[in-house]
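Chain and residue survey
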Amino acid sequence: MSTKLITQDGYDALKQELDYLWREKRPDITQKVTWAASLGDRSENADYQYNKKLLREIDRRVRYIRKRLEDMKVVGYAPEQEGRVFFGAWVEVENDEAQVKRFRIVGYDEIYQRKDYISIDSPMARALLKKEVGDEAVVVTPAGETCWWINQIEYVK
């Protein structure tokens with residue numbers, strides 16, 4: 001089960017996707033289904049079958065987004081967070097091999113199509129929570145334990 005937190009940016013992006021699917025994409029596909037259905041035999045009509053499948057996928061995604069938006073809690077920046085790692089933080093970490101990573105800790109629904117975002121539920125994020133610059137975080141993964149040091153913490157204000 002994923003934590004039901006989201007940043008304001010993530011909430012706005014989901015809301016924008018919902019509006020696009022419901023107001024633009026779905027009416028367009030519905031029109032295509034209606035047109036394909038008017039051609040006659042639906043069992044052998046590839047346009048009809050493809051667009052009906054697409055319509056089901058859109059409806060499934062719309063239901064999912066609506067439910068998630070109802071359940072989500074938008075977490076914004078608070079001055080008390082400064083200097084420590086919390087939800088929404090941009091964190092730069094480094095390991096013993098001088099490998100540096102920079103990412104933002106966000107909600108589950110925000111990590112897709114972004115290589116620089118990690119979920120609050122990930123082992124890395126859990127290990128970093130409440131830590132400060134210079135602290136060591138031991139990340140436990142199926143591959144074993146890895147030590148990371150926090151170099152920098154920033155927040156979107």
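Above: the structure in question.
What you see is a predicted model, and the numbers here were worked out from it, not measured in a lab. (Residues numbered from 1 in each chain as written. Predicted model: local features only at pLDDT ≥ 70, side-chain atom pairs only at ≥ 80, totals over all residues. Heavy atoms only, no water.)

Take the nonpolar core next. Counting residues in hydrophobic clusters, the biggest one holds 19 residues, and the most contacted among them are Val 91, Val 93, Phe 103, Ile 105, Met 124 and Leu 128. When residues of this core are traced back to their parent elements, those giving at least two are strand E3 (89-94), strand E4 (100-106), helix H3 (123-128), strand E6 (136-141) and strand E7 (144-155). Those residues in contact with Val 91 that sit more than four places away from it in its chain are Val 85, Lys 101, Arg 102, Phe 103, Ile 105, Leu 128, Ile 150 and Gln 152. Counting residues in each nonpolar core, the second largest holds 16 residues, with Leu 14, Leu 54, Val 62 and Ile 65 among its members. (Core = buried A, V, L, I, M, F, W, Y, C linked by side-chain atoms within 4.5 Å. Buried < 20%, exposed > 50% of the residue type's maximum accessible area, 1.4 Å probe, protein only. Helix = DSSP H or I, 4+ residues; strand = E, 2+ residues; numbered from the N terminus. Contact = heavy atoms within 4.5 Å.)

Pairing of E3 with E7 involves 6 bridges; the strand directions are antiparallel. Each bridged residue has a counterpart across the sheet, and for Trp 90 the counterpart in E7 is Glu 154. Both E6 and E7 contribute to a ladder of 6 bridges, which runs antiparallel. Note on E7: the bridge partner recorded for Val 138 is Cys 147. If you look at the hairpin formed by E6 and E7, you'll find 2 residues sitting between the two strands. (Pairing = 2+ DSSP bridges.)

Turning our eyes to something else, we now look at the packing of aromatic side chains. Aromatic rings in a pair are described by how distant their centres are and how their planes are angled relative to each other. If you walk through the whole model with that rule in mind, you get 3 aromatic pairs. When the centroid spacing of 5.7 Å and the interplanar angle of 50° are considered together, the rings of Tyr 77 and Tyr 155 count as tilted. Here Tyr 155 lies in strand E7 and Tyr 77 lies in the loop between strand E2 (73-74) and E3, a separation of 78 residues in the sequence. Ring geometry for Tyr 108 and Tyr 112: centres 5.6 Å apart, planes at 90°, overall edge-to-face. Taking the ring centre of Trp 22 as reference, the NZ or CZ of Arg 66 above it sits at 4.6 Å. (Phe/Tyr/Trp six-rings, centres within 6.5 Å; stacked < 30°, edge-to-face > 60°. Lys NZ or Arg CZ within 6 Å of the ring centre and 35° of its normal.)

With that settled, consider the side chain of Asn 95. Note that Asn 95 resides in the loop between E3 and E4. The exposure class assigned to Asn 95 is buried, which follows from its relative accessible area of 7%. Here Glu 97 takes part through its backbone nitrogen, which lies 3.1 Å from a polar atom of the side chain of Asn 95. Of the polar contacts made by the side chain of Asn 95, one reaches the backbone nitrogen of Gln 99; its length is 2.9 Å. Contact partners of Asn 95, with chain neighbours within four places excluded, come to Cys 147, Trp 148 and Trp 149. (Polar contact = N/O pair within 3.5 Å; in protein donor to acceptor, adjacent residues only side chain to side chain.)

Attention now moves to the side chain of Thr 7. As for its placement among the helices and strands, Thr 7 is situated in the loop between strand E1 (5-6) and helix H1 (8-37). Side-chain polar atoms of Thr 7 contact the side chain of Glu 110, separated by 2.4 Å.

To continue, consider the sheet that holds E6. Within the open sheet, the 5 strands sit side by side as E5-E4-E3-E7-E6. Their pairing is mixed. Every interior strand has two partners, whereas the edge strands, strand E5 (117-119) and E6, have only one. Between one strand axis and the next, the sheet turns through 45° on average, direction left out of account. With 5 bridges joining them, E3 and E4 adopt antiparallel strand pairing. Residue Glu 94 lies in a different strand from E4, and its bridge partner there is Val 100. (Axes fitted to C-alpha atoms, helices over the stretch in contact; angles between N-to-C directions.)

The N-to-C vectors of H1 and helix H2 (residues 46-71) enclose an angle of 155°; their axes lie 9 Å apart at closest approach. Here H1 is positioned roughly antiparallel relative to H2, judged by the angle of their axes. For the pair H1 and H2, the sense of crossing is left-handed. Of the residues belonging to the contact of H1 with H2, the class tally is 17 nonpolar, 2 polar and 10 charged. (Parallel < 35°, antiparallel > 145°, perpendicular 65-115°, else oblique. Left-handed = near helix turned anticlockwise from the far one by under 90°. Nonpolar A, V, L, I, M, F, W, Y, C, P; charged D, E, K, R; others polar.)

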